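Spelled out from the first residue to the last, the chains are:
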Amino acid sequence: VHFHPDLNVDLAVLPVAELLDHWASQGRTIFYKALTPSLVPDEKGWADFDALEDLLMIGCPNGLFDQENHFAIIRKGITASPLSVPYEGKQEFLADIACFGGSSGSPIFSYNPGISFDRNTSQYSLTGRGLRFVGVLYAGPVYLQEEQVVLRTPVVNISTPMHLGFAIRSSEVKRMVHDLLIARGSTPAVQAV
């Protein structure tokens, strides 16, 4: 496991190529979908995002997934902080999306298949930006309610998710993969942003 060099950033990379090779040598094929570096916004791409963007998150909240077909759960939400501005000065953003335990590590994508606005030309385009890998969920705030109960139990604490999620920008994932390849003696084909 390759951890982020900043201990305050809850992000790690787990290389799986050797494991996939091992399974292939055993005659077992594992389906996976790799995310290409081109899906990660570059500096201009981050600046071009609007304050409000549609988001998709793919994961297994509370371990829930389609066991029959082996599909993860897709959640839809919106940005709660602009993608173009690092939230609280960190390489993060806040997502307004239903997040529960088990959602940590879920990839988050911006999804804009329709109309987009080009700030440079002040023109609208019908092509949209499509799908962009924008981050990884790592935590979510909860609202702690304390109720007084008159009967025999003096206090009841209830924790309610706020349906907000803290996400680390995907550029940090790209940077970590770049650093891991360098550390292993490989020459990355794509520079980190």
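This write-up is about the structure you can find in this document. (Residues numbered from 1 in each chain as written. Predicted model: local features only at pLDDT ≥ 70, side-chain atom pairs only at ≥ 80, totals over all residues. Heavy atoms only, no water.)

A separate point is the packing of aromatic side chains. Under the criterion given, the structure shown has four aromatic pairs. Arranged with centres 6.1 Å apart and planes meeting at 45°, the rings of tyrosine 87 and phenylalanine 166 form a pair that is tilted. Placement of the pair is tyrosine 87 in the loop between strand 4 (73-79) and strand 5 (92-96) and phenylalanine 166 in strand 12 (residues 164-169), with a sequence separation of 79 residues. For tyrosine 87, a relative accessible area of 24% gives the class partly exposed. Aromatic pair tyrosine 138 and phenylalanine 166: ring centres 6.2 Å apart, planes at 35°, arrangement tilted. Note that tyrosine 138 is positioned in strand 9 (residues 130-139) and phenylalanine 166 in strand 12, a separation of 28 residues in sequence. Three or more aromatic residues joined by ring pairs make a cluster, and in this case those are Tyr87, Tyr138 and Phe166. In this structure, arginine 169 is placed above the aromatic ring of tryptophan 46, and the distance from its NZ or CZ to the ring centre is 4.2 Å. (Phe/Tyr/Trp six-rings, centres within 6.5 Å; stacked < 30°, edge-to-face > 60°. Helix = DSSP H or I, 4+ residues; strand = E, 2+ residues; numbered from the N terminus. Buried < 20%, exposed > 50% of the residue type's maximum accessible area, 1.4 Å probe, protein only. Lys NZ or Arg CZ within 6 Å of the ring centre and 35° of its normal.)

What follows concerns the sheet that holds strand 5. Judged by pairing direction, the barrel is antiparallel, and its six strands sit side by side in the order 3-4-5-12-9-6 before closing back on the first. Between one strand axis and the next, the sheet turns through 45° on average, direction left out of account. When strand 3 (residues 54-59) meets strand 4, the two strands line up antiparallel, connected through six bridges. Bridging across to strand 4, isoleucine 58 finds its partner in isoleucine 74. (Pairing = 2+ DSSP bridges. Axes fitted to C-alpha atoms, helices over the stretch in contact; angles between N-to-C directions.)

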